[in-house]
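Structural features, examined
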Amino acid sequence: MTSEKNILCIGAGYVGGPTMAMIALKCPQYKVVVVDIDRQKIKAWNSDSLPIFEPGLDEVVKKTRGNNLFFSAEIERGIQEAQIIFVSVNTPTKTFGQGAGRAADLQYWEKTARQILACSNDSKIVVEKSTLPVRTASAMERILNDNSKGVHFEVVSNPEFLAEGTAVRDLEFPDRVLIGSKETPDGIRARKEVVDIFLNWVPREKILESSVWSSELSKLTANAFLAQRISSINSISALCEKTEADVDEVAGAIGMDSRIGPKFLKASVGFGGSCFKKDILNLVYICESYGLEKVARYWESVVEINEYQENRFVQNMLANMFNTVAGKKVALFGFAFKANTGDTRESPAIYIAQGLLAEHADVVITDPKALKNARKDLKNFKKGLTFEANPYKAAKGAHAIAVLTEWDVYKDLDYERIFKSMVQPAFIFDGRNILDHKRLFHMGFNVFAIGKAPLKHF
Ligand SMILES: NC(=O)c1ccc[n+]([C@@H]2O[C@H](COP(=O)([O-])OP(=O)(O)OC[C@H]3O[C@@H](n4cnc5c(N)ncnc54)[C@H](O)[C@@H]3O)[C@@H](O)[C@H]2O)c1
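First things first, this report covers the structure right here in the doc. (Residues numbered from 1 in each chain as written. Predicted model: local features only at pLDDT ≥ 70, side-chain atom pairs only at ≥ 80, totals over all residues. Heavy atoms only, no water.)

A few points about the pattern of salt bridges
Within the structure shown, the criterion is met by 32 salt bridges. Close ionic contact of Asp 279 with Lys 278 constitutes a salt bridge, the shortest N to O distance being 3.0 Å. With respect to class, Asp 279 is no different from Lys 278; both count as buried. For Arg 345, the salt bridge goes to Asp 343, with nearest N and O atoms at 3.1 Å. Here Asp 343 falls in the buried class, since its relative accessible area comes to 1%. Among the charged side chains, a salt-bridge network with shared partners connects Arg 102, Glu 288, Glu 293, Arg 297 and Glu 300. (Salt bridge = Lys/Arg side-chain N within 4 Å of Asp/Glu carboxyl O. Buried < 20%, exposed > 50% of the residue type's maximum accessible area, 1.4 Å probe, protein only.)

Structure below.
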């Protein structure tokens, strides 16, 4: 069967892989190719052991791979054959030069745009899937359309709102799909082509069309608002610990206000993931570059509260373990930045582990999916660090456990058995508020949760 359309995605990461697998599943009439410069990653996408863990992803890939979904390292050929090119390469925070530590590093994006131009012999639609600073599309169009080949590129913005851990569900049943373009006849035509892809499974009323600038800025704003809710409740958790109010009770009470709503009000050790911090800092940088100092400071404080929360967690552990953890075994339950993913980018666990190692604790890390990444994140620490897949073994002989990822498996462990295997007095610091604190206290643990009065035996 000849395909109705050839879709290419450049970048086979957490976004490119799952997104294209879903498009392939829902649009059997299209041929979907995903390319990457990382040959190892492409090899993994073509194997039984996919490069990322995401519930339900294996099944989607199994159904489509080799039929109308292909993973390849042949970028040039992929570009030549495609009519629509999604670009989903990474856009990390710049680490050098102007805007270092804040601005988005667009080098991967620009290199990709230049490669698209170099390899194209006909006109194409280029879709921004990566999260980009507002007005990037105009720079990209300038690079792409400054050519003497007689080919034209229309740049469309289609930011991705999936959350890791629930990516497959989010892609299949999105809250909305946003597609932005120029309001010119060419822009509207290109936007319609992208709308047509999603119409294969997304209800029309959930597909929003907007200007390209609104679309780019909506993605940064969505992440800023989500992170801001976490920092807001985390700031209140600090006050709860001083006043014996309970942050989960406060969150429950305010979340029932329909104007506020219950989601993203769970106090914790802090938010992580590759996007929140990076996207907020990018927003801060853009505001600064337009002279909007007050707006920049407002959003910057969301990141500052997050760092404050991570620091507070380590300080709390130290203060309650008699002001020293040197030589004490501390088991970290969870290293992924959230449950149901192996992703550890910007995970609070990295900072907690580093803080404890700096205090000369013996840190043991356990996690069902993230140990490989944890090893990479902490490769510079040679002493006082071990990795253990089995949580019972990790806790054996430990002075303290710190729960850093809300994996379900940690809720149902045999804590009586764990308590007996630990050094006394035994401490639990629940950085995700997922355990039954009273029960643990009655077993003999000293329990410290986020935003709650401590339960201690001394
Ligand atoms: N991870 C998320 O949950 C998420 C959600 C929404 C949006 N985003 C955004 O999507 C974008 C991608 O994020 P990700 O998490 O998938 O990143 P990732 O690092 O997992 O994947 C990016 C991939 O792009 C490849 N790449 C880089 N330059 C390339 C080039 N010139 N040619 C071919 N391949 C190239 C890299 O090798 C890598 O495999 C980012 O802008 C991110 O902000 C991420």
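Considering the nonpolar core
Generally speaking, nonpolar side chains in soluble globular proteins are found buried as a group. With 41 residues, the main nonpolar core has Ile 7, Met 20, Ile 23, Phe 86, Ile 197 and Phe 198 as its most contacted residues. The contact partners of Phe 86, leaving out residues within four places of it in the chain, are Ile 7, Leu 8, Cys 9, Ile 10, Met 20, Ile 23, Val 127, Lys 129, Asn 158 and Ile 197. Listed in part, the 36 residues of the second largest apolar core include Ile 233, Val 330, Ala 353 and Phe 427. (Core = buried A, V, L, I, M, F, W, Y, C linked by side-chain atoms within 4.5 Å. Contact = heavy atoms within 4.5 Å.)

Thoughts on the site of the ligand
Taken together, 26 residues are adjacent to the ligand, and Asp 36, Lys 41, Thr 91, Glu 164 and Lys 278 come closest. A distance of 2.9 Å separates an oxygen atom of the ligand from a polar backbone atom of Thr 131. In this structure, Glu 164 approaches the ligand through a side-chain N or O atom, which is 2.7 Å from a nitrogen atom. Protein chains bury 92% of the 830 Å² of accessible surface belonging to the ligand in isolation. Among the residues forming the shell around the ligand, the class breakdown is nine nonpolar, nine polar and eight charged. (Near = heavy atom within 4 Å. Polar contact = N/O pair within 3.5 Å; in protein donor to acceptor, adjacent residues only side chain to side chain. Areas by Shrake-Rupley, 256 points an atom, 1.4 Å probe, with all protein chains shown as cover. Nonpolar A, V, L, I, M, F, W, Y, C, P; charged D, E, K, R; others polar.)

Things to note about the packing of aromatic side chains
Summed over all chains, the structure comprises 15 aromatic pairs. Here the aromatic rings of Trp 45 and Phe 71 are separated by 4.9 Å at their centres, their planes lie at 5°, and the arrangement is stacked. With a gap of 26 residues between them, Trp 45 in helix H2 (residues 39–45) and Phe 71 in strand S3 (residues 69–72) connect regions that are remote in the sequence. We classify Trp 45 as buried; its relative accessible area is 0%. Judged by centre distance (4.9 Å) and plane angle (80°), the ring pair of Tyr 298 and Trp 299 falls under edge-to-face. (Phe/Tyr/Trp six-rings, centres within 6.5 Å; stacked < 30°, edge-to-face > 60°. Helix = DSSP H or I, 4+ residues; strand = E, 2+ residues; numbered from the N terminus.)

Quick look at the pairing of strand S13 (residues 427–430)
Side chains of S13 alternate between two faces, with Phe 427 and Phe 429 and Ile 428 and Asp 430 buried alike. The parallel pair strand S12 (residues 400–403) and S13 is bridged by helix H16 (residues 415–421), and the resulting crossover is right-handed. With four bridges connecting them, S13 and strand S14 (residues 446–449) associate as parallel partners. Looking at the pairing, Ile 428 lines up with Val 447 of S14. Following the backbone out of S13, through helix H17 (residues 437–443) and into the adjacent parallel S14, one traces a crossover that is right-handed. (Right-handed = clockwise from strand over helix to strand, strands pointing away. Pairing = 2+ DSSP bridges.)

Some details on the sheet that holds S12
Judged by pairing direction, the sheet is parallel, and its six strands sit side by side in the order S11-S10-S9-S12-S13-S14 without closing on themselves. In this open sheet, the two strands that pair with only one neighbour each are strand S11 (385–387) and S14. Taking each pair of neighbouring strands and ignoring which way they run, the sheet shows an average axis angle of 20°. (Axes fitted to C-alpha atoms, helices over the stretch in contact; angles between N-to-C directions.)

Comments concerning the packing of helix H12 (residues 293–320) against helix H13 (residues 348–358)
Put simply, H12 and H13 touch, their axes get as near as 9 Å, and they point 40° apart. Judged by the angle between their axes, H12 and H13 are oblique. For H12 against H13, the interelement crossing comes out right-handed. Contact with H12, carried on its side by Glu 310, Phe 313, Val 314 and Met 317, involves Pro 348, Tyr 351, Ile 352, Gly 355 and Leu 356 of H13 and no other residues of that element. Partitioned by chemical class, the residues of the contact of H12 with H13 number seven nonpolar, one polar and one charged. (Parallel < 35°, antiparallel > 145°, perpendicular 65-115°, else oblique. Left-handed = near helix turned anticlockwise from the far one by under 90°.)

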